[in-house]
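Okay, here's what each chain looks like letter by letter:
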Amino acid sequence: MTKNKSVLEWIQKIKNIVNPKNMVWIDGSEEQLENLRKQACMNGEIIKLNQEKLPGCYLRRTNPNDVARTESRTFICTKTKEAAGPTNNWWDPEFAYNKLYGIAKDSYKGKTMYIIPYSMGIPNSPFSKIGIEITDSIYTVLNMAIMTRVGKDIIDALSDSNNWVRGLHASCNIDEENRYVCHFPEDNTIISVNSCYGGNVLLGKKCFALRIASYQAEKENWLAEHMLILGVQNPKGEIKYICAAFPSACGKTNLAMLIPPEIYKKKGYKIWCIGDDIAWLRIGKDGRLWAINPENGFFGVAPGTSKKSNPNALQTASSNTIFTNVVQNLDDNTVWWEGLDNNPPENALDWKGNPWNGKISNEKGAHPNSRFTSPTKNCPCLGKEFENPEGVPISAIIFGGRRQHTIPLVYETFDWNHGVFTGSIISSESTAASTGKVGVLTHNPMAMMPFCGYNMGKYFAHWIKMGELLGNKAPKIFNVNWFKTDKNGNFMWPGFGENLRVIEWILNRCEGKVSAKETPIGFVPLLEDINLQESGVSKETLKDLLEIDMKLWHQETEDIENFYKKFDNCLPKQLQHEFDKLKKRLKK
Ligand code: OXD
Ligand code: MN
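Values in this document were obtained by computation on a predicted structure and should not be read as measured data.

1. Quick word on the nonpolar core
Counting 92 residues, the largest nonpolar core has W280, W463 and Y564 as the members making the most contacts within it. Broken down by element, the residue count for this core peaks at eight residues, all from helix 8 (residues 204-220). Not counting residues up to four positions away in its chain, the partners in contact with Y564 are F421, S424, I425, L571, L575, Q576 and F579. Within the second largest apolar cluster, 63 residues are counted, among which are F246, A313, M492 and L546.

What follows is the structure, encoded as structure tokens:
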């Protein structure tokens, strides 16, 4: 497949460790993938679903101990602990290599070693980067073939370069006590053992496109971010693009594919999805910030996805999709999950493969972090610029989290550094995307806490520097919160497609079309500037949604103070300064 010396040497080294029966290069051909699907159906790794109703679709059940990312077992392995910073788990590289090679030793015995050359981004584009993942799991190969561009073209594009990311995945015994995901950013390497959960083993995604890439981006003056990219087409046909960072399972996929409310549709508004999870942002020739989505598929959360919440995602996941840990309806061999509709199957298997009657069972049928892996090209609202190697120019950056109180529906930050500060103080209620308790308020700066591959203090400084490089071409930065609740615990904002009303205000602000009210935390909309027509939201509720509760903000500052202490001397002085200014404004 290749004569590249660095590739061949590394493969030989890994082969000597894992000791496979044989070795197969993934060439990206449909024929090879189809053979692998057949093999995986035969060995029980995946189940073929009803091909009339769900053409090209399969189901996978993971080991019940292996259903989400394991942040406590994810490590950044750099020469110094300081390089990994105060928010990452750190291991000395030599220790980590020894430990993980020890665990992976002989673990491919009797198995096939699959070698997947893949590209994050469009092959041959200067914005793209290449990786090679070795795995013993066909499920991983099939997912990688959806999520990234794989095959012979990629290894050809690499030619004899040594600039590629090494990735070793070994399923081992799916032993949670020996499950580790280690990143070695200083030598472009990732090793993941004892898991088959997507976020831990699709090494192009979180491991490369965020953790390793964020490390590279800091050195090369760009940004690798946990952001969706979306285009808003106005009635004049102009498309403006925004990026938005939200923690896992907070609705990025829904926002990226939103359906405009009827009145917006009638006026001619359209939404174009460019990406739902990761953005690589670079300064373009024109000095503006440009974004590409380095992925080629969606690894979306299934529960809650419905005709009402996200018809585009449902359509996307209706063919050539791998479902993981959802319900199997035995009557017609299709799939179901909580929130899909009000008609759960009676004759079904739950995500663990146990008999399940959705009409009477008190247990959930699908795991809350069950997923669909679907090709981007299935998405009915995929923007044509998705294939543009230069990406799309970004007009606004949005940060957000899941907060019942304190954070208003939307506010605009005063300038870039205040925007970076606002990103740095995001906290959000934890979700099922990672192991651990759900619903706990957790700090998640820029939604990158689990994904920043180096010292987060240095990452903040890098954001500040990017603002300096962008100068007056920098996009405006906003903060949103779709999840504010009233005193009865009900969501006050309808969310989903209705979020376009807020995005319209954001774009109007970018174009200087509307004024705003200055508050201690930033600019909030004037009540009349958010279009509530046919939204079902009253002006009174909007007022509550936009309210800044001083008492809660004082508490928030105490919390920020504690959080910032973690960073010690690596917190950029600009952020401390922004924090001091906020406290002063709140005192007035
Ligand atoms: C994801 C995540 O899977 O953020 O995208 O966990
Ligand atoms: Mn994500």
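2. Quick look at the site of ligand 1
Taken together, R69, K206, H226, S248, D277, F299, R371, A433 and F451 make up all the residues around ligand 1. The contact in question runs from an oxygen atom of ligand 1 to an N or O atom on the side chain of K206, over 2.9 Å. Taking R371, its side chain carries an N or O atom lying 2.8 Å from an oxygen atom of ligand 1. Relative to its unbound accessible surface of 210 Å², ligand 1 loses 95% to contact with the protein. A class-by-class count of the residues in the shell around ligand 1 yields three nonpolar, two polar and four charged.

3. Overview of the pattern of salt bridges
In this structure the tally under the stated criterion is 31 salt bridges. A salt bridge links D136 to K111; its shortest N-O distance comes to 2.9 Å. You can see D136 sitting in the loop between strand 7 (129-135) and helix 5 (138-147) and its partner K111 sitting in the loop between helix 4 (93-104) and strand 6 (112-120), a full 25 residues away along the chain. Residue D136 is classed as buried on the basis of its relative accessible area of 8%. Ionic pairing is found between E262 and K265, a salt bridge with its closest N-O pair at 3.3 Å. With E262 and K265 both in helix 10 (residues 262-267) and three residues apart, this pair spans about one turn of that helix.

4. Overview of the sheet that holds strand 24 (residues 371-375)
If you walk across this open sheet you meet the five strands as 2-3-19-24-18, and the pairing is mixed. Where the open sheet ends on each side, the last strands, each with one partner, are strand 2 (47-48) and strand 18 (297-301). With five bridges joining them, strand 18 and strand 24 adopt antiparallel strand pairing. Note that in strand 24 the partner of V301 across the bridge is R371.

5. Focus: the environment of N22
Residue placement: N22 occurs in strand 1 (residues 22-25). When its relative accessible area of 34% is taken as the criterion, N22 is described as partly exposed. C-alpha separation for the pair N22 and Y114, spaced 92 residues apart in sequence, amounts to 8.7 Å. Residues contacting N22, with those up to four places away along its chain left out, are K111, T112 and M113. Side chain to side chain, N22 and T112 meet in a polar contact 2.8 Å long.

Rules behind the numbers
Residues numbered from 1 in each chain as written. Chains lettered and ligands numbered in written order. Predicted model: local features only at pLDDT ≥ 70, side-chain atom pairs only at ≥ 80, totals over all residues. Heavy atoms only, no water. Core = buried A, V, L, I, M, F, W, Y, C linked by side-chain atoms within 4.5 Å. Buried < 20%, exposed > 50% of the residue type's maximum accessible area, 1.4 Å probe, protein only. Helix = DSSP H or I, 4+ residues; strand = E, 2+ residues; numbered from the N terminus. Contact = heavy atoms within 4.5 Å. Near = heavy atom within 4 Å. Polar contact = N/O pair within 3.5 Å; in protein donor to acceptor, adjacent residues only side chain to side chain. Areas by Shrake-Rupley, 256 points an atom, 1.4 Å probe, with all protein chains shown as cover. Nonpolar A, V, L, I, M, F, W, Y, C, P; charged D, E, K, R; others polar. Salt bridge = Lys/Arg side-chain N within 4 Å of Asp/Glu carboxyl O. Pairing = 2+ DSSP bridges.

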